[in-house]
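# A closer look at the structure
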Amino acid sequence: MITKEAVAAAPAPAPAAPAPTRPGKKRPAWDEVPRWQIYLPLGVYLVFTLIPFYWILLFAVRPAGSTSLVPWPMTTEHFEKVWTDRGFGTYFTNSVYVGLATLVMTTLVALAGGYALARFDFKIKRVFMLALLCSQFVPGALLLVPLFEIFAGLQMINSLGSVIIAETVFQLPLSIILISNFIKNVPYSLEEAAWVDGCGRFRAFRIVVLPLLRPGLIAVGSFAFVHSWNHFLFALMFLNNQHKQTIPVGLNSLMSADSVDLGALAAGGIVAAVPVVIVFAFIQKWLITGFSAGAVKG
């Protein structure tokens, strides 16, 4: 008979041997990967991306008729030609006006619509959101005929206001969705605390919520500005006067059926691209934050 004392005195069983591991190399962590395996493909991609920009710059600053691959000696004759002779000074002013007006109108309307969708419940809310999403599948070319008829009836053809309204309408669905999702990420309790302190709804929104929406507003506004700056179709269809044209239409005028002035076209492309690059260089942090926050469901 086995007693309790014998069981307690018995040696403990030896631990089981670990299971044999399968032979093979351990997958290295990211910090263990050789740097050249990261920098080499990135460098190739960077070179592949920058070559077109260098080619445009080369045609813009080298003298006419030159075939050198090095922009030396450099000249500004192509920039002077497009800015004065081809009217790019006027095109640039018109594009800035259209872009800023579209930015302001899109941001204000999207802010109001986004707040309504984020903070209020109404019967057709889901239907309205579905309509906003479905409107993104409609190409802008399908809107040309009805918009032209509307602007003709309002006597707005050949006016920058027609382009501004068309660009604003085209940008609003996506802008409202982004602003709405961004407002949902702002705690509703912050507004309620402001109401308790005596603020009305508008004042609470202006003091408490609006400062927190800065990245989202910058993202929506910059997207509207860049799209209206680069958009070609509406300006081509609604503006007939050369003094009312924008930069994309001006670039198109540099190309004819018989010949293309490559130097002037390259200089015009740089004039069109530099302002957008400068804007994105200053707002890229806010832009990434705004789009990432607005894309997350609250």
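Structural notes, computed from the coordinates. (Residues numbered from 1 in each chain as written. Predicted model: local features only at pLDDT ≥ 70, side-chain atom pairs only at ≥ 80, totals over all residues. Heavy atoms only, no water.)

### A few points about the packing of helix H4 (residues 88-119) against helix H7 (residues 160-184)
Packed helices, taken two at a time, are described by the angle between their axes plus the distance between the axes. H7 packs onto H4 with a crossing angle of 35 degrees between their chain directions and a minimal axis gap of 6 Å. The element H4 and its partner H7 pack so that their crossing is right-handed. Partitioning the contact of H4 with H7 into residue classes produces 17 nonpolar, nine polar and three charged. (Axes fitted to C-alpha atoms, helices over the stretch in contact; angles between N-to-C directions. Helix = DSSP H or I, 4+ residues; strand = E, 2+ residues; numbered from the N terminus. Left-handed = near helix turned anticlockwise from the far one by under 90°. Nonpolar A, V, L, I, M, F, W, Y, C, P; charged D, E, K, R; others polar.)

### Re the side chain of Asn 94
Locating Asn 94 in the fold gives a position in helix H4. Accessibility expressed as a relative area gives 9% for Asn 94, which makes it buried. Apart from residues no more than four positions distant in its own chain, Asn 94 is found in contact with Leu 160, His 243, Lys 244, Gln 245 and Thr 246. (Buried < 20%, exposed > 50% of the residue type's maximum accessible area, 1.4 Å probe, protein only. Contact = heavy atoms within 4.5 Å.)

### Quick look at the packing of aromatic side chains
With the rule as written, the count across this model stands at 12 aromatic pairs. Taken together, a centroid distance of 5.0 Å and an interplanar angle of 70 degrees make the contact between Tyr 115 and Phe 205 edge-to-face. Of this pair, Tyr 115 sits in helix H4 while Phe 205 is found in helix H9 (residues 201-209), placing the two residues 90 residues apart along the sequence. Overall, the relative accessible area of 11% leaves Phe 205 in the buried class. Pairing Phe 151 with Phe 238 gives two aromatic rings, centres 5.2 Å apart and planes at 80 degrees, and the pair type is edge-to-face. Of the two residues, Phe 151 sits in helix H6 (residues 144-153) while Phe 238 sits in helix H11 (residues 233-238), which places them 87 residues apart along the sequence. (Phe/Tyr/Trp six-rings, centres within 6.5 Å; stacked < 30°, edge-to-face > 60°.)

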